Amino acid sequence: MQGHGILLANMSSVPDPNAGSSVSLVRQLGVMSAAALVVSNMIGTGIFTTSGFLAGDLGSPGLVLEIWVLGAIVALAGAFCYSELGVNFPSSGGEYVYLTRAYGLTWGFMSGWVSFFAGFSAPIAAASLAFTEYLAYFFPTLQQENAPVVLDTGFLTVHLGPAQLVAASVITAFTILNCVGLSRSATVQNVLTATKLAVVLVFIVFGLAVGTGDWSHFSQVTERTSSTSLPSQVAISLFWVYFGYSGWNAATYIAEELRQPHRTLPIALAVGTALVALIYVGLNVVFIYGTDLGSMKGVVAVGSLAASTLFGPEISGIFSLLMAIAILSTVNAMVTIGPRVYYAMARNGAFFSFAKQVSPRFRTPMAAIVCQGVCSVLMTLTPFPQLVVYIGFSLTFFTVLAVASLFLFRRQATWQRLPVVSFAWPLIPLVFVLVGVWMIIYGIMLQPAVSAVAIFTIAAGAAVYHLAVKGRYTLPNA
């Protein structure tokens, strides 16, 4: 909560294009605030939605828990590597800065281009659809599988029904809220984030303390819904886990606002990621304790399912509503943060000029907010599982490139090397890169349609850069 609150407050200093000069950012965030930002960004849609799909794909309670631990280890390795990158490039922007410096202007632009589609618009759509699944506890017609209009092109599937309409309405509401002023959005965000963290902690504590679960569920395997071999399936399932852990690099986006970034950034990323890993494993223990794996298979609103068996229908309804509200915090956070990324890029000529236009009345990047909202609404027509793989594939590709850039930067004599990354060099970055490459290869082999869309998005970014942006793009400040 604290991290989002501070982040949103600082973003209120978006400069007015009519003003004579821009307002510079201030280094005012310490370890606690930066770690809180990581935690609040990471705990989002993924943990409330993915375990049901992992149950069907893996078929074993032990494997479900182990893959969340594996995801935590890889995310922590990535966090350490991003810490070193952030210390050497203590300016906001994350991958946009690192890839531009490492591989050139085209790759920097492409990272921002993909952020628009896979980094923010698609996750906003996925979170809004997850919100409808939790509301379906009260209104079953909101389940995505009940969509009256289904168009299967043989390549991708399109759904249109009550779930998509409600999800689109949620996106529209938060888009309007963010257009008319940041202070209002910040207030709503603080309330939603506090609710999210409280729901997660209360659910874990009360689920294990007073819930009517069964520890025998941990020894009960179920028939897998996937015909893919387990080693290959783990690579695909990691896309779901990565979706849950996305946000581990959040503090790098506000590196310009951290006090002593060489110390603050590594600690914040490590502490935040480790804390979230513990919470995620705890939540999955409660999910499995409350519900056998066979009943979880393919369920999006797995939290509602577990709550119903742990607490009964009356209490589970309360938890379902609170989890739905918790997911809204993810929607609002991404609706708020995304346009600021495009705004920063547009100021460097690395994105379309409309993204840097600021409303004179509301002091918000309104055009960027609206454009993102329209894209997110359109993406709600895509089924939730396809969105998750699309997001995971696209973001994994660029985080792998960012971590791999360490092998280039460490050749520089002036490069600051962090001890945690230097330990057993190059073990930590190599683990992250190899796992990411393994996922990408199996993603292409086993999910060719969704992977093709992700690859097309990346390639389109390169084409747009060379056709419409090249020559207007400057290097981000180091």
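Residues numbered from 1 in each chain as written. Predicted model: local features only at pLDDT ≥ 70, side-chain atom pairs only at ≥ 80, totals over all residues. Heavy atoms only, no water.

Now, about the overall build of the protein: what can you tell me, with residues and values included?
Across its full length, the protein carries 20 helices and 2 strands. The buried share of the protein, taken over its 478 residues, is 60%. The long-range fraction of contacts in the protein, counting pairs at least 24 apart against all pairs at least 6 apart in sequence, stands at 82%. Surface accessibility of the protein: about 17,800 Å² in total, with carbon and sulfur atoms responsible for 67%. (Helix = DSSP H or I, 4+ residues; strand = E, 2+ residues; numbered from the N terminus. Buried < 20%, exposed > 50% of the residue type's maximum accessible area, 1.4 Å probe, protein only. Contact = heavy atoms within 4.5 Å. Areas by Shrake-Rupley, 256 points an atom, 1.4 Å probe, with all protein chains shown as cover.)

Run through the layout of surface pockets, naming residues and quoting values.
Of the volumes computed, that of the second largest pocket is approximately 420 Å³. Around the second largest pocket, the lining comprises 18 residues; the ones closest to its centre are Glu133, Gln143, Glu145, Val299 and Val300. For the lining of the second largest pocket, the elements supplying multiple residues, two or more each, are α13 (302-311) and α16 (384-404). Among the elements that take part in the lining of the second largest pocket, α13 stands out by supplying 3 residues, more than any other. (1 Å grid on protein atoms, 1.4 Å probe; cavity = no way out; pocket = protein on both sides within 12 Å on 5 of 7 lines; lining within 4 Å. Points joined across faces, edges and corners; volume = space filled by probe spheres on them.)

So what's going on with the packing of helix α6 (residues 95-103) against helix α7 (residues 105-135)? Which residues, and what values?
One can describe the packing of α6 onto α7 by two numbers: an axis separation of 6 Å at closest approach and a directional angle of 160°. When the axis of α6 is compared with that of α7, the two are roughly antiparallel. The crossing of α6 and α7 is right-handed. Touching Glu95, Tyr96, Leu99, Thr100 and Tyr103 of α6 are Leu105, Trp107, Gly108 and Ser111, all from α7. Class assignment for the residues of the contact of α6 with α7 results in 5 nonpolar, 3 polar and 1 charged. (Axes fitted to C-alpha atoms, helices over the stretch in contact; angles between N-to-C directions. Parallel < 35°, antiparallel > 145°, perpendicular 65-115°, else oblique. Left-handed = near helix turned anticlockwise from the far one by under 90°. Nonpolar A, V, L, I, M, F, W, Y, C, P; charged D, E, K, R; others polar.)

Can you explain the packing of helix α5 (residues 61-88) against helix α10 (residues 230-245)? Please cite residues and give values.
Running from N to C, α5 and α10 point in directions that differ by 60°, and their axes come no closer than 9 Å. You can see that α5 and α10 cross each other, and the crossing is right-handed. The residues of α10 that touch α5, namely those facing Leu63, Ile67, Trp68, Leu70, Gly71, Ala72, Val74 and Ala75, are Leu230, Val234, Ser237, Leu238, Val241, Tyr242, Gly244 and Tyr245. Here the residues of the contact of α5 with α10 are counted per class, giving 13 nonpolar, 3 polar and no charged.

Report on unusual backbone geometry, specifying residues and quantitative values.
Omega for the bond connecting Trp425 with Pro426 falls within 30 degrees of zero, at 5°, which places this linkage in the cis form. Summarising the element assignment, Pro426 is placed in the loop between α18 (419-422) and α19 (427-446). In this model, Ala424 sits at a positive phi of 55°, which is unusual for a non-glycine residue. By the secondary structure assignment, Ala424 is in the loop between α18 and α19.

If you had to explain the nonpolar core to someone new, which residues and values would you point to?
If you look at the biggest cluster of nonpolar residues, it comprises 142 residues, and the most contacted ones within it are Trp68, Phe203, Tyr245, Phe384 and Tyr390. Examining the composition of this core, we find that 18 residues originate from one element, α7, more than from any other. (Core = buried A, V, L, I, M, F, W, Y, C linked by side-chain atoms within 4.5 Å.)

Talk me through the environment of Ser320; I want residue IDs and the actual numbers.
In this structure, Ser320 sits in helix α14 (residues 313-347). The spacing of Ser320 and Ser304 is 16 residues in sequence and 5.0 Å in space, taken between C-alpha atoms. Ignoring any residue separated from it by four or fewer positions in sequence, one finds Ser320 in contact with Tyr134, Tyr137, Phe138 and Ser304. At a separation of 2.7 Å, a polar atom in the side chain of Ser320 contacts the side chain of Ser304. (Polar contact = N/O pair within 3.5 Å; in protein donor to acceptor, adjacent residues only side chain to side chain.)

Break down the pattern of salt bridges for me, citing the residues and quoting the values.
Any two side chains of opposite charge can pair, given that their charged atoms come close. Per the stated rule, a full pass over the model turns up 1 salt bridge. Between Arg410 and Glu84 there is a salt bridge, and its shortest N-O distance comes to 2.8 Å. Of this pair, Arg410 sits in the loop between α17 (406-409) and α18 while Glu84 sits in helix α5, and the two are 326 residues apart along the sequence. Overall, Arg410 belongs to the buried group, its relative accessible area being 7%. Taking relative accessible area as the criterion, Glu84 reaches 0% and is therefore assigned buried. (Salt bridge = Lys/Arg side-chain N within 4 Å of Asp/Glu carboxyl O.)

Residue-level account of the environment of Pro426, with values.
In this structure Pro426 comes out as partly exposed when scored by relative accessible area, which is 29%. Each C-alpha atom, one on Pro426 and one on Leu406, is 9.6 Å from the other, the two residues being 20 residues apart in sequence.

Account for helix α4 (residues 51-58), naming residues and giving values.
Taking burial as the measure, the 8 residues of α4 include 8 buried ones, the bulk of the element. Those residues of α4 not exposed but buried are Ser51, Gly52, Phe53, Leu54, Ala55, Gly56, Asp57 and Leu58. Immediately downstream of α4, the backbone of Gly59 shows phi near 75°, a positive value.

I'd like a description of the packing of aromatic side chains, backed by residues and values.
Given two aromatic rings, their pairing is described by the distance between the two centres and the angle made by the two planes. For the structure on display, the rule yields 27 aromatic pairs. Here Phe109 and Tyr465 contribute two aromatic rings whose centre-to-centre distance is 5.7 Å and whose plane-to-plane angle is 40°, an arrangement assigned as tilted. Linking Phe109 in helix α7 with Tyr465 in helix α20 (residues 448-469), this pair joins segments that are 356 residues apart in sequence. Residues Phe109 and Tyr465 agree in their burial class; the two are buried. An angle of 15° between the planes, with centres 5.0 Å apart, marks the rings of Phe311 and Phe319 as stacked. Phe319 carries the same exposure label as Phe311, and that label is buried. Joined through ring pairs, the aromatic side chains of Phe109, Trp113, Phe116, Phe117, Phe120, Tyr342 and Tyr465 make up one cluster. (Phe/Tyr/Trp six-rings, centres within 6.5 Å; stacked < 30°, edge-to-face > 60°.)

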